[in-house]
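In case you want the letters, here they are:
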Amino acid sequence: MDNKPALFIKISSHSDRNILEAGKGLYDGIFLDASFSGLSDNTLGILKKKFIIEPKSYIFALDTKYVEDSTTGYPKESLFNMSKIYGSPISNLFNHRPINCQDFRNPNSISGLTRNVLEFQRVKLSRQELLFDDDYYDKYRDGPDEKLEKKLLFCLIPPYFFPNNHNNGIQGLNLQFVDLAMKEKKDDEKVFAVIPLNCSFFRNGNSIEKLCDDYLSIDPDGFFLFLNQFSERNASIEILRAIISMVKLLSSSKKPIFKLFGGYFSTLLSQIGLSGFTCGLGHGESRNIFAIYKGSPPQLYYVPFLHKNFLLKEVPTILRRFSEFECRCPECRDTDGLGFYDDEIRRKRHYLLARKEEIDRLSKFGLGKAVEDMESIFAKYKNRGLGIDYLERWSRVLS
Ligand SMILES: [Zn+2]
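Cut-off values and rules
- Residues numbered from 1 in each chain as written.
- Predicted model: local features only at pLDDT ≥ 70, side-chain atom pairs only at ≥ 80, totals over all residues.
- Helix = DSSP H or I, 4+ residues; strand = E, 2+ residues; numbered from the N terminus.
- Rg over C-alpha atoms; globule rule 2.2 N^0.38 Å.
- Contact = placed C-beta atoms within 7 Å.
- Core = buried A, V, L, I, M, F, W, Y, C linked by C-beta atoms within 7 Å.
- Buried ≥ 20, exposed ≤ 12 C-beta atoms within 10 Å, placed from the backbone.
- Domains from an automatic or database assignment.
- Pairing = 2+ DSSP bridges.
- Right-handed = clockwise from strand over helix to strand, strands pointing away.
- Axes fitted to C-alpha atoms, helices over the stretch in contact; angles between N-to-C directions.
- Nonpolar A, V, L, I, M, F, W, Y, C, P; charged D, E, K, R; others polar.
- Parallel < 35°, antiparallel > 145°, perpendicular 65-115°, else oblique.
- Left-handed = near helix turned anticlockwise from the far one by under 90°.
- Arc of directions from axis to C-beta.

When helices and strands are counted, the protein chain shows 14 helices and nine strands. Taking 2.2 N^0.38 as the reference for a compact globule, 399 residues should give roughly 21 Å; the C-alpha atoms of the protein chain span a radius of gyration of 21 Å, in line with that estimate. Across the protein chain, every contact between residues at least 6 apart in sequence was considered, and the portion connecting residues at least 24 apart equals 65%.

Attention now goes to the nonpolar core. Ranked by internal contacts, the top residues of the largest apolar core, which has 97 residues, are Ile-9, Phe-51, Ile-52, Ile-195, Phe-223, Phe-224 and Leu-225. Ranked by residue count, the leading element in this core is helix H13 (residues 344-381), at eight residues. When residues of this core are sorted by domain, at least three fall in each of domain 1 (6-279) and domain 2 (300-398). Every residue in contact with Phe-223, bar those within four places of it in the chain, is listed here: Phe-192, Ala-193, Ile-195, Tyr-215, Leu-250, Lys-255, Ile-257 and Phe-258.

Further remarks concern the pairing of strand E7 (residues 276-279). Burial along E7 is two-sided: the residues Gly-276 and Thr-278 and Phe-277 and Cys-279 are all buried. Here strand E1 (residues 6-10) pairs with E7 via four bridges, running parallel. Within E7, the position partnered with Leu-7 by the bridge is Phe-277. Both strand E6 (residues 257-259) and E7 contribute to a ladder of two bridges, which runs parallel. Residue Phe-258 lies in a different strand from E7, and its bridge partner there is Gly-276. At this point the chain moves from E6, through helix H11 (residues 264-269), to the parallel E7, and the crossover so formed is right-handed.

One open sheet accounts for seven strands, arranged E3-E2-E1-E7-E6-E5-E4; its pairing is parallel. Single-partner strands in this sheet number two, and they are strand E3 (50-54) and strand E4 (192-198). Recorded for the sheet is a direction-independent mean angle of 25° between the axes of neighbouring strands. Relative to strand E2 (residues 29-33), E1 runs parallel, the two sharing three bridges.

Note: interface size is frequently given as the accessible area lost on complex formation between the parts. What the domain assignment lists for the protein chain is domain 1 (6-279) and domain 2 (300-398). Centre-to-centre separation of domain 1 and domain 2, based on C-alpha positions: 29 Å. Listed by partner, the interface residues are 17 residues for domain 1 and 20 residues for domain 2. Every element with two or more residues in the side of domain 1 that touches domain 2 is listed here: helix H1 (14-22), helix H10 (237-251) and H11. Its residues placed into classes, the side of domain 1 that touches domain 2 shows 10 nonpolar, five polar and two charged.

With that out of the way, let us pick up the packing of helix H9 (residues 208-218) against H10. Where H9 meets H10, the axes come as close as 10 Å, and the angle between the chain directions of the two elements is 30°. Between H9 and H10, the angle falls in the class roughly parallel. Every pair of crossing elements has a handedness; the one defined by H9 and H10 is right-handed. Every residue of H10 that contacts H9 at Ile-208, Glu-209, Cys-212 and Leu-216 is listed here: Ala-242, Ser-245, Met-246, Leu-249 and Leu-250. Looking at the contact of H9 with H10 residue by residue, the classes come out as seven nonpolar, one polar and one charged.

All of the buried residues along helix H14 (residues 389-398) are Tyr-390, Leu-391, Arg-393, Trp-394 and Val-397. An end-on view of H14 places all buried positions within 165° of arc, on one side of the element. Close packing links the buried residues of H14 with H10, H11 and H13.

Bridge count for strand E8 (residues 300-303) against strand E9 (residues 308-311) is four bridges, and the pairing is antiparallel. Across the sheet, residue Val-303 finds its bridge partner in E9, namely Lys-308. Counted between consecutive antiparallel strands, the loop separating E8 from E9 contains four residues, among which His-307 sits at a positive phi close to 55°.

Set out below in structure tokens:
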């Protein structure tokens with residue numbers, strides 16, 4: 001078996017689905033947000049890929065300002081519907097106050113939430129219409145393909161919340177959710193535990209060993225690392241090292257370990273035990289659950305040579321200065337001038353091809369060669385104003 005990381009792509013729009021349909025050989029699975037409601041047709045039947053539904057339960061423990069839609073000032077309809085499906089205490093408290101550990105004093109509420117969250121993942125795609133009350137969706141109500149969904153569901157994810165200073169005991173609650181989910185799983189289902197962490201965890205002298213031991217002792221079928229506000233390119237040496245330690249500790253169990261939201265550093269981690277990661281088509285290499293987004297996300301173009309996204313408006317200047325950075329993928333080569341970079345669909349196809357190329361290259365030439373390449377690129381371009389210090393940090397922690 002090779003050690004290529006499995007790549008799960010997040011679908012955020014209908015056009016993403018079309019790109020993934022055309023590029024089926026370029027990725028391994030689909031990653032969906034539980035609140036995403038843009039897939040009312042037969043996506044699974046068309047893509048026939050394994051998929052994961054991220055239950056996003058943590059959102060109900062956030063201050064409402066992080067949950068409101070910036071345009072309406074009101075939480076999205078799909079979150080209200082999710083809160084109803086997840087049941088009490090979430091359904092009673094959503095949009096009144098954030099949920100906390102005290103709300104789970106009754107053990108029935110812990111088991112109830114676990115059951116509801118798992119069941120939602122089992123049926124979400126075949127029953128997409130549950131998220132809508134509108135008659136328009138009646139036409140989709142016939143013939144849900146639950147059998148196919150069951151076959152393609154990669155794993156179930158128990159509910160989880162992010163630990164914070166005001167909410168002591170969250171990690172213990174998260175462990176109980178995983179434990180119960182392991183007891184709730186049916187037939188050949190698999191349960192992967194999300195380990196949610198804020199980067200401050202690593203700075204506050206917490207024990208990575210203790211945390212990993214706690215999760216390993218419950219013995220789930222696999223793990224997802226979810227590092228909030230963690231940017232692979234901005235992270236310090238210390239945090240990168242801590243993440244490497246976690247991957248090594250968890251992979252000692254021989255269970256699969258994935259990283260939610262990753263980029264090239266996650267690809268490299270596959271050589272020391274990471275089984276795979278998720279990302280969007282051009283976005284989604286990191287996640288900040290506290291971000292308040294206004295307007296649409298910035299337009300980016302991935303420069304594979306540097307393993308970095310640049311703002312689209314910077315790209316023509318950069319490629320004119322450094323023609324060696326030009327991408328030779330089918331979307332980028334043979335293009336007349338730089339005009340096509342405005343085409344979002346082609347940029348997304350390019351991104352998918354670039355990710356696949358990185359994975360194949362690493363698998364063929366190994367980590368040593370990848371580190372050597374990063375060192376030589378850093379040495380050559382470090383003083384050219386490209387912001388590529390991360391290449392040096394990645395080389396150091398992986399050497
Ligand atoms: Zn390209």
